[in-house]
Amino acid sequence: MSEATAHHADTPRRRRQINLPYVGLAPAWLLMIFALIIPILIIIAVSFAVRGAYGGFDWGFDLSGYRQILFNEGWTGEMEFTPQYLIIILRTILLATVTTVLCLILAVPVAYWIAGQPGHRKSVLVFLVTLPFWMSMILRVYAWMIILGKDGPLLRFFEFFGAPSGMTFMYNDGATLAAMVYTYIPLMVLPVFASIEKLDGTLIEAAHDLYGNRWTTLRRVILPLTAPGIASGGILVFVPAFGAVLEPTLMGGGKQMMMGSLIQLQFGGGRNWPFGAAIAMILMMLVMLVLVGLALRSARNEVES
Amino acid sequence: MKLQHDVKRYPGLGIISTVFFIYLYAPLGIVVLYSFNANRITSVWTEFSFKWYGSALNNSALMSALKTSLTVAAIATVMATTIALLAALSIIRGKNVRYRKLSETMVNLPLLLPEIVLAVATLILFSLIGLQNGMVKLVIAHSAFCTPFAFLPIRARLQGMPLDFEEAATDLYASRWIVFRRVTLPLIFPGLFAGAMLAFLISMDDFITSNMLSSGGTTTLPVYIFSLIRAGTSPELNAIATMLIVASLVLATVALTVAGRGQRTDAT
């Protein structure tokens, strides 16, 4: 029997090969359609729904979820411009951008230095960069709560040199930023390192032979050639930073919210689902805009080169 | 030679990098240090003590959260890794597959969306279809966002592997199943292992989705830790944190060693 199938293996195998990949892909498609596509379609619908009387929502088409981002409805139904949510959106854009830029500024020299180390030491250093990524994210934020918090080492240090006793480092954008840079930095160092390691060293020498100083070489040779690594590191940091929930909730406190913590608040207490969904849509759109923009840019660069 | 070396070197990088690694590890070190402090007020040092470890281990809410997390992570890892393996085999090894690119995007979709959006979207779906069981909700959501993390290392491994071994086995009359079982599977094992470890890690570490979906009986570890942090820093929390840091240290070392060994066998 087995011999027979083996001899005619070619025919049945070819027939099966057409079908098998689709069978193999089916579970992935099913899972993603059920747990991703359908939920996203539903949340689009909910962002246009009407807020229910007792939390939740009623189906319908209504723009109040989006209107609420900019306007507050008064008792008599008049619309009043309130910038509080706009400020949260702008803060989110600002903090995510600054986080990405700070990570980049820190990652490039470190990645360059690691790439220049001898073999074994290099792999140990890469391991050390990767390691914090394996540690719980919430604990890494918590570590910064201890450092910046009440009775924390940093405050102790400043109090020793005569800082006023009521001073605090917590519950402001700076604290959120500190925790964000700290939690996402490994995601920037690794792709930038991978790019720098592939860099052809002779190009740097050539730049110097052509009288380019270190700064010019960095700007005109090293950075352009590591652009792919910088771009993928940028995406890896920017997307989670843009949707950050933990850092603004724990470090920023209730007042300094970002879009992620605002969305969580709207759904957490079942307070206003259509409004939360509308904010989520804006968040998703902004991230998509950045991703599509980067994709188009890299496509154009490929065409040019 | 000396001159050549100098050209590529930028002064001060060593110092920046040293500061960077201190910056990376000092905060974790402080948590570990404070966990051995006998004083109830975290940052006032009195004496070295293990007592917070004892009280952490006797905390039944913590243990129940740990159990929930481990169960969800184990099931989600198996599901995500299986689905990712099937998808990777089909995309890389399948012949005449249409929608290859689209399928790949589909599998990686969770990476492109902010997690909070997915979390609330899933919450609405589950509430609409009336799914009550907290465990089932968590397993479905975790399987979905863990799949790309399992997929990427497996795909990378499959792509880097020539077809020669599989073709040789087929020439020697091995059936498709035997080829997969005896040739493909052992060869992609490092990728498979790395993918499974990543999926497990991502599931164990997840806060945003779990916090959205968790209900009374099903609190995962990060959600429980979040509630502890909300209640204020405590030395017991530091002890819990230290144990988790040590656990991830062990896990990471094992995972990266196995993955690294896989790369070394390639080189020979």
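Since this is a predicted model, take the numbers as computed values, not measurements.

Asker: Which residues make up the overall build of chain B, and what values do they have?
Answerer: On a plain count of helices and strands, chain B comes out with 12 helices and zero strands. Along chain B, helices (α) and strands (β) appear in the sequence α-α-α-α-α-α-α-α-α-α-α-α when read from the amino end. Here chain B holds 268 residues, and 51% of them are scored as buried. Approximately 12600 Å² of chain B is accessible, and the part contributed by carbon and sulfur atoms is 67%.

Asker: Can you lay out the nonpolar core for me, pointing to particular residues and giving the numbers?
Answerer: Membership of the largest hydrophobic core comes to 164 residues, with the highest contact counts inside it found for A:Ile138, A:Met251 and A:Phe267. Here the element with the most residues in this core is helix α8 (residues 173-198) of chain A; it accounts for 14 residues. Both domains that furnish three or more residues to this core are identified here as domain 1 (2-81) and domain 2 (85-304) of chain A. Those residues within four positions of A:Ile138 in sequence are excluded, and the remaining contacts are A:Leu246, A:Leu250, B:Asp205, B:Phe207, B:Pro222, B:Ile225, B:Phe226 and B:Ile229.

Asker: Tell me what's going on with the pattern of salt bridges, and back it up with residues and numbers.
Answerer: By the definition in use, this model includes four salt bridges over all chains. Between A:Arg91 and A:Asp173 there is a salt bridge; the shortest N-O distance is 3.2 Å. Note that A:Arg91 is positioned in helix α4 (residues 84-115) and A:Asp173 in helix α8, a separation of 82 residues in sequence. We classify A:Arg91 as buried; its relative accessible area is 12%. Given a relative accessible area of 27%, A:Asp173 falls into the partly exposed group. Of the charged contacts, one joins B:Glu166 and B:Arg93 as a salt bridge, the two residues approaching to 3.2 Å between their closest N and O atoms. Residue B:Glu166 is found in helix α8 (residues 164-171), and its partner B:Arg93 is found in helix α4 (residues 60-93); the two are separated by 73 residues along the sequence.

Asker: Describe the confidence of the model for chain A, naming the residues involved and giving the relevant values.
Answerer: All names here are of chain A. When pLDDT is averaged along chain A, the result is 82; 91% of the residues meet or exceed 70. Element-level mean pLDDT values for chain A span from 45 in helix α1 (residues 2-7) up to 92 in α4. Per-residue pLDDT stays below 50 along residues 1-18; that stretch engages in six contacts with residues further than four places along the chain or on separate chains.

Asker: I'd like to hear about the domain arrangement of chain A, residue by residue, with values.
Answerer: Residue and element names in this part refer to chain A. The assigned domain composition of chain A is domain 1 (2-81) and domain 2 (85-304). In this structure, domain 1 and domain 2 have C-alpha centres spaced 29 Å apart. Of the roughly 1400 Å² buried where domain 1 meets domain 2, counting both sides, 76% is carbon and sulfur surface. For the interface between domain 1 and domain 2, the tally reads zero salt bridges. At the boundary of domain 1 and domain 2, one finds one residue pair in polar contact (both at pLDDT 80 or more). At the level of secondary structure, the elements contributing two or more residues to the side of domain 1 that touches domain 2 comprise α2 (10-47), β1 (50-51) and α3 (64-70).

Asker: Quick rundown of the packing of helix α6 (residues 137-148) of chain A against α8(A)? Include the residues and the values.
Answerer: Packed helix pairs are characterised by how far apart their axes lie and by the angle those axes make with each other. All names here are of chain A. Contact geometry of α6 with α8 gives a least axis separation of 10 Å together with a crossing angle of 140°. As judged from the angle between their axes, α6 and α8 are oblique. α6 and α8 meet at a crossing whose hand is right-handed. Judged by residue contacts, Met137, Arg140, Val141, Trp144 and Leu148 of α6 engage Ala175, Ala178, Ala179, Tyr182, Thr183 and Tyr184 from α8. Residue composition of the contact of α6 with α8, by class: nine nonpolar, one polar and one charged.

Asker: Please give an account of the interface of chain A and chain B that cites residues and values.
Answerer: Tallying the contact residues gives 88 residues for chain A and 92 residues for chain B. Overall, the association of chain A and chain B removes approximately 8200 Å² of surface from exposure, summing both partners, and the carbon and sulfur fraction of that is 79%. Of all residues in chain A, A:Trp134, A:Tyr142 and A:Arg214 give up the largest surface area on contact with chain B, accounting jointly for 10% of the area buried on that side. At the boundary of chain A and chain B, one finds zero salt bridges. Applying the counting criterion to the chain A and chain B interface returns eight residue pairs in polar contact (both at pLDDT 80 or more). Element by element, the count of residues in the side of chain A that touches chain B is highest for α2(A), at 24 residues. In terms of residue class, the side of chain A that touches chain B is made up of 69 nonpolar, 12 polar and seven charged.

Asker: Describe helix α9 (residues 176-205) of chain B, naming the residues involved and giving the relevant values.
Answerer: The terminal C-alpha atoms of α9(B), which comprises 30 residues, lie only 37 Å apart, well short of the 44 Å expected from a rise of 1.5 Å per residue. Where α9(B) bends most, the angle comes to about 60°, and this point is B:Phe189, followed within four residues by the proline B:Pro190.

Basis of the calculations
- Residues numbered from 1 in each chain as written.
- Chains lettered and ligands numbered in written order.
- Predicted model: local features only at pLDDT ≥ 70, side-chain atom pairs only at ≥ 80, totals over all residues.
- Heavy atoms only, no water.
- Helix = DSSP H or I, 4+ residues; strand = E, 2+ residues; numbered from the N terminus.
- Buried < 20%, exposed > 50% of the residue type's maximum accessible area, 1.4 Å probe, protein only.
- Areas by Shrake-Rupley, 256 points an atom, 1.4 Å probe, with all protein chains shown as cover.
- Core = buried A, V, L, I, M, F, W, Y, C linked by side-chain atoms within 4.5 Å.
- Domains from an automatic or database assignment.
- Contact = heavy atoms within 4.5 Å.
- Salt bridge = Lys/Arg side-chain N within 4 Å of Asp/Glu carboxyl O.
- pLDDT = per-residue confidence, 0-100.
- Buried area = accessible area lost by both parts, 1.4 Å probe.
- Polar contact = N/O pair within 3.5 Å; in protein donor to acceptor, adjacent residues only side chain to side chain.
- Axes fitted to C-alpha atoms, helices over the stretch in contact; angles between N-to-C directions.
- Parallel < 35°, antiparallel > 145°, perpendicular 65-115°, else oblique.
- Left-handed = near helix turned anticlockwise from the far one by under 90°.
- Nonpolar A, V, L, I, M, F, W, Y, C, P; charged D, E, K, R; others polar.
- Expected span 1.5 Å × (residues − 1).
- Bend = angle between axes of the 7 residues up to and from the residue.

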